[in-house]
Amino acid sequence: MLLISNLITIKLQKDLEDKFLIDFEKNQNIAHKICRIYTTNREEHNDLFQEITIQVWKNYSKFRGDSKFSTWMYRVALNTAISLYRKSTRQPKTQDFNDVVYKIQTIDYDDTEEIQLKALYKAIHQLNDIDKALIFLYLEDKPYKEISETLGISNVNARVKMNRAKEKLKNILNP
Amino acid sequence: MDSLDNYKKAWDNQPEEKHKFSALEIYKLAHSKSASIVKWIFIIGILEFVILNSLSFFVDTKSSDILFKEMGLESTILYSTAAAYVILFYFLVLFYLNYKRISTTDSSTELMKKIINTRKTVRNYVLFNFSYLAFVVLVVTGAYININFNDLDTKKIIIMLLTVFALTLIILGVLWLFYQLLYGILLRKLKNNYKELAKLENLE
């Protein structure tokens, strides 16, 4: 009997893991975008990505499926970037910045947009962690309800805070 | 039109990450060791409990036992040691429960609050220990003066009290500095982020 229940547990665990791998692989771009915002070189990018993967997997059994996986992943990944991740003491080399904001050169990608995207990332890097999160959620078209729930602040405050963050960003982009 | 709209369009059209991870790589990453701040807080917290409670093994307690006996403080020390263990147990349980409550699926504010609280449990335990130590020093000094009252002149008593006072202050000062450093390294970023969000809630 014990053996059978063990086998069932192993099977359930395996199913959960398979589901996680499918969900996470499909949505990994969310994590990559967050890594680009919160880190400035490839090494840090991968460190943060690893920590996000660990946290999403660790909490995956708590994901009930009453919301979309991606919605849930935004929260876990942002929390990891804001509160759990610590940059390693290795000093980032400044020239790494261009590696990161990135050699995005695909044929169908507009030149002006590429320049704008680089400028945008560069400007976002100058914001504090919370403003980064706000701007990121704005760029990803998240509704205020979701933003306020993710950050744990009221709807009104999320709006106030968002407007300030946008102003800061605009000032950096168009000084 | 909002001046951010163009940038937003560039954002929406950005290509997907080039260095994508395969399912196998994700599997490996998910099962690797976390290096998160929460893990560090747990390890350092446990170390602090262990170090504080193993200090008595390095100190020669035999001579102080005799001294306490002479002063008639034997039972006071016995009871307070028993109480100290109860209190240690209480703090350990609290620390563990707080640690367990930390969840990345909470809202950011909630998560940061829980991390800070977990760290505070250990800090309070250390503070408690050192206030207890200061209390013992005070009692022992008082008892010593009481016993030898006839042999001591006022000048000697004052010098003794001042020395004890200064030593206690220096030890507490060093401890405070150590904590500022530890907290600074571990929690500065987190605390700033927490303040950033909490500040806003107070505006309402």
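A. Region of the structure containing the overall build of chain A. Secondary structure summary: chain A contains 8 helices and 0 strands in total. Listed by position from the N terminus, the elements making up chain A come as α-α-α-α-α-α-α-α. The buried share of chain A, taken over its 175 residues, is 37%. Considering only intrachain contacts with a sequence separation of at least 6, the fraction spanning at least 24 residues in chain A is 66%.

B. Representation of the overall build of chain B in the model. Check the secondary structure of chain B and you find 7 helices and 0 strands. Along chain B, helices (α) and strands (β) appear in the sequence α-α-α-α-α-α-α when read from the amino end. For 204 residues, the compact-globule estimate of 2.2 N^0.38 gives 17 Å, and chain B exceeds it by more than 25% at 26 Å. Counting only C-alpha atoms, chain B reaches 90 × 40 × 30 Å along its principal axes. Out of the 204 residues belonging to chain B, those deemed buried represent 15%. Summarising the internal contacts of chain B: among those between residues at least 6 apart in sequence, 70% fall at separations of at least 24.

C. Structural detail: the packing of helix 5 (residues 74-101) of chain B against helix 6 (residues 108-147) of chain B. All names here are of chain B. The N-to-C vectors of helix 5 and helix 6 enclose an angle of 165°; their axes lie 8 Å apart at closest approach. Classified by the interaxial angle, the pair formed by helix 5 and helix 6 is roughly antiparallel. The handedness of the crossing between helix 5 and helix 6 comes out as left-handed. Contact residues: helix 5 offers Ala 84, Ile 87, Phe 91, Leu 94, Phe 95, Asn 98, Tyr 99 and Arg 101, while helix 6 offers Lys 114, Asn 117, Thr 118, Thr 121, Val 122, Tyr 125, Phe 128 and Tyr 132. Across the contact of helix 5 with helix 6, the residue classes break down as 10 nonpolar, 4 polar and 2 charged.

D. Representation of unusual backbone geometry. In this structure, Asp141(A) takes a positive phi of about 65° despite not being glycine. Structurally, Asp141(A) can be placed in the loop between helix 6 (129-139) and helix 7 (144-151).

E. View of the interface of chain B and chain A. On the chain A side, the residues contacting the 42 residues of chain B number 48 residues. If you list the elements that add at least two residues to the side of chain B that touches chain A, you get helix 1 (5-12), helix 2 (23-30), helix 3 (37-58), helix 6 and helix 7 (154-202) of chain B. Here the residues of the side of chain B that touches chain A are counted per class, giving 20 nonpolar, 14 polar and 8 charged.

F. Main features of the domain arrangement of chain A. Residues and elements named next belong to chain A. Each domain of chain A was delimited in the assignment, giving domain 1 (1-96) and domain 2 (101-175). Listed per partner, the contact involves 10 residues of domain 1 and 9 residues of domain 2. Those elements that place two or more of their residues in the side of domain 1 that touches domain 2 are helix 1 (2-38) and helix 3 (69-84). In terms of residue class, the side of domain 1 that touches domain 2 is built from 6 nonpolar, 2 polar and 2 charged.

G. Helix 6 of chain B, seen in detail. An ideal rise of 1.5 Å per residue puts 58 Å on 40 residues; helix 6 of chain B measures up with 58 Å between its terminal C-alpha atoms. Among the residues of helix 6 of chain B, Ser108(B), Leu111(B), Met112(B), Ile115(B), Thr118(B), Arg119(B), Thr121(B), Val122(B), Tyr125(B) and Asn129(B) are the ones counted as buried.

H. Structural detail: the packing of helix 3 of chain A against helix 6 of chain B. Contact geometry of helix 3 of chain A with helix 6 of chain B gives a least axis separation of 10 Å together with a crossing angle of 40°. When the axis of helix 3 of chain A is compared with that of helix 6 of chain B, the two are oblique. Judged by the sense of rotation from one axis to the other, the crossing of helix 3 of chain A with helix 6 of chain B is right-handed. For the pair helix 3 of chain A and helix 6 of chain B, the contacting residues are Leu78(A), Asn79(A), Ile82(A) and Ser83(A) in the first and Ser108(B), Leu111(B), Met112(B) and Ile115(B) in the second. Taken together, the residues that form the contact of helix 3 of chain A with helix 6 of chain B break down as 5 nonpolar, 3 polar and no charged.

I. Layout of the nonpolar core. Residue and element names in this part refer to chain A. Membership of the largest hydrophobic core comes to 61 residues, with the highest contact counts inside it found for Ile 34, Val 56, Ala 77, Ala 81 and Ala 133. Element by element, the count of residues in this core is highest for helix 3, at 9 residues. Structurally, this core is a two-domain feature, drawing no fewer than three residues from each of domain 1 (1-96) and domain 2 (101-175).

J. Local environment of helix 5 (residues 111-125) of chain A. When the terminal C-alpha atoms of helix 5 of chain A are compared, their 21 Å separation across 15 residues agrees well with the 21 Å that a helix rising 1.5 Å per residue should span. Within the sequence span of helix 5 of chain A, burial applies to Gln116(A), Leu117(A), Leu120(A), Tyr121(A) and Ile124(A). For helix 5 of chain A, the arc enclosing every buried residue in end-on projection is 135°, short of the 170-degree limit, so these residues lie on one face. Those residues of helix 5 of chain A that are exposed and angled more than 90 degrees off the buried face are Asp111(A), Thr112(A) and Ile115(A). Of the surrounding elements, those touching the buried residues of helix 5 of chain A are helix 1 and helix 6 of chain A together with helix 1 of chain B.

K. Examining the confidence of the model for chain A more closely. Residue and element names in this part refer to chain A. When pLDDT is averaged along chain A, the result is 86, and 86% of the positions lie at 70 or above. For chain A, helix 4 (residues 96-100) is the element with the lowest average pLDDT, namely 48, and helix 6 is the one with the highest, namely 96. Note on residues 93-98: pLDDT is under 50 here. Beyond four places in sequence and across chains, it has 5 contacts.

Conventions adopted
- Residues numbered from 1 in each chain as written.
- Chains lettered and ligands numbered in written order.
- Predicted model: local features only at pLDDT ≥ 70, side-chain atom pairs only at ≥ 80, totals over all residues.
- Helix = DSSP H or I, 4+ residues; strand = E, 2+ residues; numbered from the N terminus.
- Buried ≥ 20, exposed ≤ 12 C-beta atoms within 10 Å, placed from the backbone.
- Contact = placed C-beta atoms within 7 Å.
- Rg over C-alpha atoms; globule rule 2.2 N^0.38 Å.
- Axes fitted to C-alpha atoms, helices over the stretch in contact; angles between N-to-C directions.
- Parallel < 35°, antiparallel > 145°, perpendicular 65-115°, else oblique.
- Left-handed = near helix turned anticlockwise from the far one by under 90°.
- Nonpolar A, V, L, I, M, F, W, Y, C, P; charged D, E, K, R; others polar.
- Domains from an automatic or database assignment.
- Expected span 1.5 Å × (residues − 1).
- Core = buried A, V, L, I, M, F, W, Y, C linked by C-beta atoms within 7 Å.
- Arc of directions from axis to C-beta.
- pLDDT = per-residue confidence, 0-100.

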